[in-house]
Amino acid sequence: MALLDDITAHIQGNTLTQMSRQLGADEQSTAQAISMALPMLIGGLANEAQTPDGAQSLNRALEEDHDGSLLDNVSALFGPATTGAADVPVPRALNGAGILEHVLGRKREPVQQGIGRATGLNSQQIGRLLMMLAPLVMAYLGRRKKESGLGPAEIGNELQAERQEVERRAPGLGGVLGQIFGGGAGEDRPGIADDLARMAPNVLGRMFGR
């Protein structure tokens, strides 16, 4: 699962410290929240790339806005453009809110609540964390596309493989991802937050273990 492993390796040391300071949280709680948030982002992207139109849209976003250069300047994630400050233009490569609108949509709030219940952080802190992580995930995916020459179908296949590995590492999480991203009348049901909180023991501490 190179994508999530690579991202997790990058979010260590000073980057984790800076993220924690942005959230006003300790590093352990931030790391736990990251271990739950990243599978949600991967699951959402995999869901988006399941259809030809979704895969084309994601491919276009990677080509135009997410070339991976953010990975050489991760500190840009902690500037005013990502804090929601008024009158600050947000470059698309850093527009976590815009990415989350596509990836999570109306499911963002219950996802934030569920991760918050599992980690002790509040929904606002989780929202800030997701806004930092979303551009980072897109940057890694964009760099992989650029280096390997991936097209829309290949990007979709890679994301599906990542999601399957998530489910292998945390048995039962696949059902929760299916409930969140499977569509249908229950996609916004309040139980999403409860399900995520219940899954926490299966995710925290083992998601990124070899």
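Everything numeric here is computed off the predicted structure, so don't read it as measured data. (Residues numbered from 1 in each chain as written. Predicted model: local features only at pLDDT ≥ 70, side-chain atom pairs only at ≥ 80, totals over all residues. Heavy atoms only, no water.)

## Considerations on the packing of helix 2 (residues 14–23) against helix 3 (residues 27–48)
This is how it is decided: Fitting a line to C-alpha atoms yields each axis, with helices limited to the stretch in contact; the angle taken between N-to-C directions then spans 0 to 180 degrees. Only DSSP runs of H or I covering at least 4 residues are called helices, and only runs of E covering at least 2 are called strands; the numbering of each starts at the N terminus. If an angle is under 35 degrees, it is roughly parallel; if it is over 145, roughly antiparallel; if it lies from 65 to 115, roughly perpendicular; otherwise it is oblique. Contacts: residue pairs with any heavy atoms within 4.5 Å of one another. Ten residues, namely Ala, Val, Leu, Ile, Met, Phe, Trp, Tyr, Cys and Pro, are considered nonpolar, four, namely Asp, Glu, Lys and Arg, are considered charged, and the remaining ones, Gly among them, are considered polar.
Put simply, helix 2 and helix 3 touch, their axes get as near as 9 Å, and they point 100° apart. The angle between the axes of helix 2 and helix 3 places the two elements in the roughly perpendicular class. Taken together, the residues of helix 3 that come into contact with helix 2 (itself represented by Leu16, Thr17, Met19, Ser20 and Leu23) are Glu27, Thr30, Ala31 and Ile34. Looking at side-chain class alone, the contact of helix 2 with helix 3 contains five nonpolar, three polar and one charged residues.

## Re the nonpolar core
Where a protein is soluble and globular, its nonpolar side chains tend to be buried together. Worth spelling out the cut-off: Think of a nonpolar core as a cluster: buried Ala, Val, Leu, Ile, Met, Phe, Trp, Tyr and Cys residues, connected wherever their side-chain atoms sit within 4.5 Å. For each residue, the accessible area found with a 1.4 Å probe, counting protein chains only, is set against the maximum for its type, and the residue is called buried under 20%, exposed over 50%, and partly exposed in between.
Judged by nonpolar contacts, the single largest core of 62 residues is most densely connected at Met19, Leu41, Leu58, Leu133, Leu159 and Leu173. Per element, the largest residue contribution to this core is 13 residues, and it comes from helix 7 (residues 123–148). Aside from chain neighbours lying at most four places away, what touches leucine 159 is Leu3, Ile42, Leu45, Ala46, Ala49, Leu58 and Leu141.

## A short note on the pattern of salt bridges
Note the threshold: We define a salt bridge as a side-chain nitrogen of Lys or Arg found within 4 Å of a carboxyl oxygen belonging to Asp or Glu.
Enumeration over the complete set of coordinates arrives at ten salt bridges. Salt-bridge contacts for aspartate 65 lead to arginine 92; the nearest nitrogen and oxygen are separated by 3.8 Å. One end of the pair, aspartate 65, is in helix 4 (residues 52–65); the other, arginine 92, is in the loop between helix 4 and helix 5 (96–103), with 27 residues separating them in the sequence. By relative accessible area, aspartate 65 is classed as partly exposed at 22%. Classification of arginine 92 by relative accessible area gives exposed; the value is 56%. A salt bridge links glutamate 167 to arginine 163, with the shortest nitrogen-to-oxygen separation between them at 3.0 Å. Of this pair, glutamate 167 and arginine 163 both sit in helix 8 (residues 152–169), four residues apart, which is roughly one turn of the helix. A residue is classified by how much of its surface remains accessible, and glutamate 167, at 27% relative accessible area, is partly exposed. For arginine 163, a relative accessible area of 14% corresponds to the buried category. Through salt bridges with shared partners, a single ionic network connects Asp5, Glu165, Arg168 and Arg169.

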